[in-house]
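# Per-entry structural report
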Amino acid sequence: IGGDKEIPYLHLAHEANPFLGIRGLRLALDHRELLVTQLRAIARAGAVANVRPRVMAPMVTTVEDVAMLHALADEAQVSLGVQGTSSDAGFELGIMVEVPSSALCARELAGDVAFLSIGSNDLTQYVMAIDRTHARLAPFANALHPAVLRLIRMTVEGADEAGIPVAVCGELAGDVAGALVLVGLGVDELSMDAGSLDEVRAALRSVSVAELEALAATALAARTAAEVRAAADALLESR
């Protein structure tokens, strides 16, 4: 919620820069009970299904945000009469990595959550300072840009150090060149639309881990997104 995802019934105030405003987890600032209600419902559903739900919070930028997420989850648990904390009870809490600060501080954030998920669309938007809904600038918001990939690598390193998985969702994961680079960077999971699965799966099966790691190293050292795509294309053409 927030940014380009407007919810009329919440009557959110108009913001000059909505992508930098009240969105995602920041709704707790003015609508705390809404998030607690959602977490309470998730906990109830998990209890009925006898599973521990995975809950992922968007727009996390600092360790204080992660602490707030745990506090919201604990509040939901208490309202259900559940003893303990979110860390050992009803939820597996994870966060979206979609702003530069969360990628740069991935090591610190990863120690307090169960998983990380990189939102490549928003991360690219914030790194490149390009509104991803801006038609004129859309061609320049390229998730294969080395600046974006270097932050993804930092996120992977933080997750690895904490021993938790890291996923990528967004258009980059469903792009064959992007998927090759991401796996080479050490990403554990890729989330994409169903129409991309077969092509990405076939591409990944055609190369070795060593080749993907070499591709990732090339991508991190590249100067442009075009260089990264050319390297990925060359790898596939060599099959």
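Residues numbered from 1 in each chain as written. Predicted model: local features only at pLDDT ≥ 70, side-chain atom pairs only at ≥ 80, totals over all residues. Heavy atoms only, no water.

## So, the pattern of salt bridges
The final tally for this structure, using the stated rule, is 11 salt bridges. Put simply, Arg-23 and Asp-122 hold a salt bridge, and the shortest N to O gap is 3.5 Å. Of this pair, Arg-23 sits in the segment before α1 (28–49) while Asp-122 sits in helix α5 (residues 120–128), and the two are 99 residues apart along the sequence. Overall, Arg-23 belongs to the buried group, its relative accessible area being 4%. (Salt bridge = Lys/Arg side-chain N within 4 Å of Asp/Glu carboxyl O. Helix = DSSP H or I, 4+ residues; strand = E, 2+ residues; numbered from the N terminus. Buried < 20%, exposed > 50% of the residue type's maximum accessible area, 1.4 Å probe, protein only.)

## Section: the pairing of strand β3 (residues 115–119)
On a regular strand, one side chain projects to one face of the sheet and the next to the other, so that they alternate. Burial of β3 is extensive: five of the five residues sit out of reach of the surface. Here β3 shows two buried faces, one formed by Phe-115, Ser-117 and Gly-119 and the other by Leu-116 and Ile-118. Here strand β2 (residues 92–97) runs beside β3; their pairing, made up of four bridges, is parallel. Looking across to β3, one finds that Met-96 is bridged to Ser-117. One ladder, built from four bridges, connects β3 with strand β4 (residues 166–169); its direction is parallel. Looking at the pairing, Gly-119 lines up with Cys-169 of β4. (Pairing = 2+ DSSP bridges.)

## Points about the packing of helix α8 (residues 176–185) against helix α9 (residues 197–205)
Helix-helix packing is described using two parameters, namely the angle between the two axes and the distance between the axes. Interhelical geometry of α8 versus α9 gives an angle of 45° and a closest axis separation of 9 Å. Taken together, the axes of α8 and α9 lie oblique to each other. For the element pair α8 and α9, the recorded crossing hand is right-handed. On the side of α8, the interface is formed by Val-176, Ala-179, Leu-180 and Val-183, while α9 contributes Glu-199, Val-200, Ala-203 and Leu-204. (Axes fitted to C-alpha atoms, helices over the stretch in contact; angles between N-to-C directions. Parallel < 35°, antiparallel > 145°, perpendicular 65-115°, else oblique. Left-handed = near helix turned anticlockwise from the far one by under 90°. Contact = heavy atoms within 4.5 Å.)

## Digging into the sheet that holds β3
Hydrogen bonds along the backbone pair up the strands of a sheet, which may run parallel or antiparallel. Pairing in this open sheet of five strands is parallel, and the strands run β1-β2-β3-β4-β5 from one edge to the other. The open sheet terminates on both sides in strands that have one partner only, identified here as β1 (54–57) and β5 (189–191). Geometrically, the sheet is characterised by an average inter-axis angle of 25° between neighbouring strands, direction not taken into account. Across the sheet, helix α6 (residues 146–162) lies against β2, β3 and β4, angled at about 175° from β3, the strand it touches most.

## Re the environment of Gly-2
Within the element layout of this structure, Gly-2 appears in the segment before α1. Counting along the chain gives 101 residues from Gly-2 to Ala-103, while the straight-line C-alpha distance between them is 21 Å. Not counting chain neighbours up to four residues away, the residues in contact with Gly-2 comprise Ile-22 and Arg-23.

## A few points about the side chain of Thr-61
Tracing the sequence through the fold places Thr-61 in the loop between β1 and α2 (63–79). Taking relative accessible area as the criterion, Thr-61 reaches 15% and is therefore assigned buried. Polar contacts involving the side chain of Thr-61 include one to the side chain of Asp-65, which spans 2.8 Å. (Polar contact = N/O pair within 3.5 Å; in protein donor to acceptor, adjacent residues only side chain to side chain.)

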